Amino acid sequence: MIDIDPRFSKILHSHEEIESAAKKIGAEIDHDYADSIPILVVVLKGAVMWAGDLFKNISIDVEMDFIDIASYNGGVASSNKILLKTDMTTDVKGRDVIIVEDIVDTGLSLQYLESLLASRGAKSVKTATMLNKEKGHKIAVKADYVGFEIDNEFVAGYGLDYQEIWRNLPFIGVVNPNIYS
Ligand SMILES: O=P(O)(O)OC[C@H]1O[C@H](OP(=O)(O)OP(=O)(O)O)[C@H](O)[C@@H]1O
Ligand code: HPA
């Protein structure tokens, strides 16, 4: 049971629910990549907690790398511009790649990453996201593995920030609009 927290108007998912989603998607990745050693590219910073859960639930051999991009500047609205802050180091040419995201919201970050990895010669690019905000999409993007579908509301916790804080909370909640409106 999670206590009512004034920072949030609603609690969406507990740590336990997120772990179950990671277990399910981990099993799907084991099945889909049985003949491959995919590279899991964790998108900093938000995807770190989700990636930890997902990794523990994948049994096949995988590689891991990190890429740091940003578009929200800590606020609740996308700047619509993606900034590559720190690049990954693994060569993806001819490799199966799985982008590990915390959330697909407007879809701009995912579109940026998909075209970056394709331009570098990745054999395949799929996405495993903890959250998908379908009604927030501004462009046509599709994540292949989705933990939870959520409404078009600003959420935080479990890696996701509000003004760079609350990433450490062990649940995902809808940020109380009174805080930022
Ligand atoms: O679909 P979009 O509208 O592009 O939003 C999704 C992206 O936004 C967030 O990152 P952010 O730029 O806030 O950086 P952070 O992960 O370091 O917080 C989130 O972690 C995703 O990477
Ligand atoms: O709803 C959100 N919360 C936190 N970070 C985000 N980045 C994109 N959408 C969100």
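Keep in mind it's a predicted model, so treat the numbers as computed, not measured.

## Observations concerning the confidence of the model for the protein chain
- Confidence along the protein chain averages 95 in pLDDT terms, with 98% of residues attaining 70 or more.
- If you check the scores for this complex, the pTM reads 0.96 and the ipTM reads 0.99.

## Things to note about the nonpolar core
- Val-41, Val-43, Trp-50, Leu-54, Val-97, Ile-99 and Val-100 are the most contacted members of the largest nonpolar core, which has 46 residues in total.
- Of all the secondary structure elements, the ones that give two or more residues to this core are helix H1 (15-32), strand S2 (39-44), helix H2 (48-56), strand S5 (96-104), helix H3 (108-119), strand S6 (124-132), strand S8 (155-156) and strand S9 (171-175).
- In terms of residue count, S5 provides more of this core than any other element does, six residues in total.
- Once residues lying within four places of it in the same chain are set aside, the contact partners of Val-43 are Ile-67, Ile-69, Ile-99, Val-100, Glu-101 and Leu-113.

## Some words on H3
- Under the 1.5 Å per step criterion, the end-to-end length of H3 is 16 Å for 12 residues, consistent within 8% with the ideal 16 Å.
- Every buried residue of H3 is listed here: Leu-108, Ser-109, Leu-110, Leu-113, Leu-116 and Leu-117.
- Against the buried residues of H3 lie S2, strand S3 (63-70), S5 and S6.
- Taken from the residues just after H3, Gly-121 is the one with a positive phi, measuring 85°.

## Thoughts on the site of ligand 1
- Near ligand 1 there are 19 residues, and of these Gly-46, Tyr-72, Asp-105, Thr-106 and Ser-109 occur at the shortest range.
- Taken together, the elements giving at least two residues each to the shell around ligand 1 come down to S2, S5 and H3.
- For the shell around ligand 1, the element with the highest residue contribution is S5, accounting for four residues.
- Looking at the shell around ligand 1, its residues break down into eight nonpolar, six polar and five charged.

## What to know about the sheet that holds S9
- Strands sit in the order S1-S9-S8 across an open sheet of three strands; the sheet is antiparallel. Looking at which strands have only one partner, the edges of the open sheet turn out to be strand S1 (8-14) and S8.
- Bridge analysis of S1 against S9 gives five bridges, and the strand direction is antiparallel. Counted as the bridge partner of His-13 is Ile-172 from S9.
- Relative to S1, H1 is tilted by about 40°, and along the sheet it contacts S1 and S9.

Rules and cut-offs
- Residues numbered from 1 in each chain as written.
- Chains lettered and ligands numbered in written order.
- Predicted model: local features only at pLDDT ≥ 70, side-chain atom pairs only at ≥ 80, totals over all residues.
- pLDDT = per-residue confidence, 0-100.
- Core = buried A, V, L, I, M, F, W, Y, C linked by C-beta atoms within 7 Å.
- Buried ≥ 20, exposed ≤ 12 C-beta atoms within 10 Å, placed from the backbone.
- Helix = DSSP H or I, 4+ residues; strand = E, 2+ residues; numbered from the N terminus.
- Contact = placed C-beta atoms within 7 Å.
- Expected span 1.5 Å × (residues − 1).
- Near = placed C-beta within 6 Å.
- Nonpolar A, V, L, I, M, F, W, Y, C, P; charged D, E, K, R; others polar.
- Pairing = 2+ DSSP bridges.
- Axes fitted to C-alpha atoms, helices over the stretch in contact; angles between N-to-C directions.

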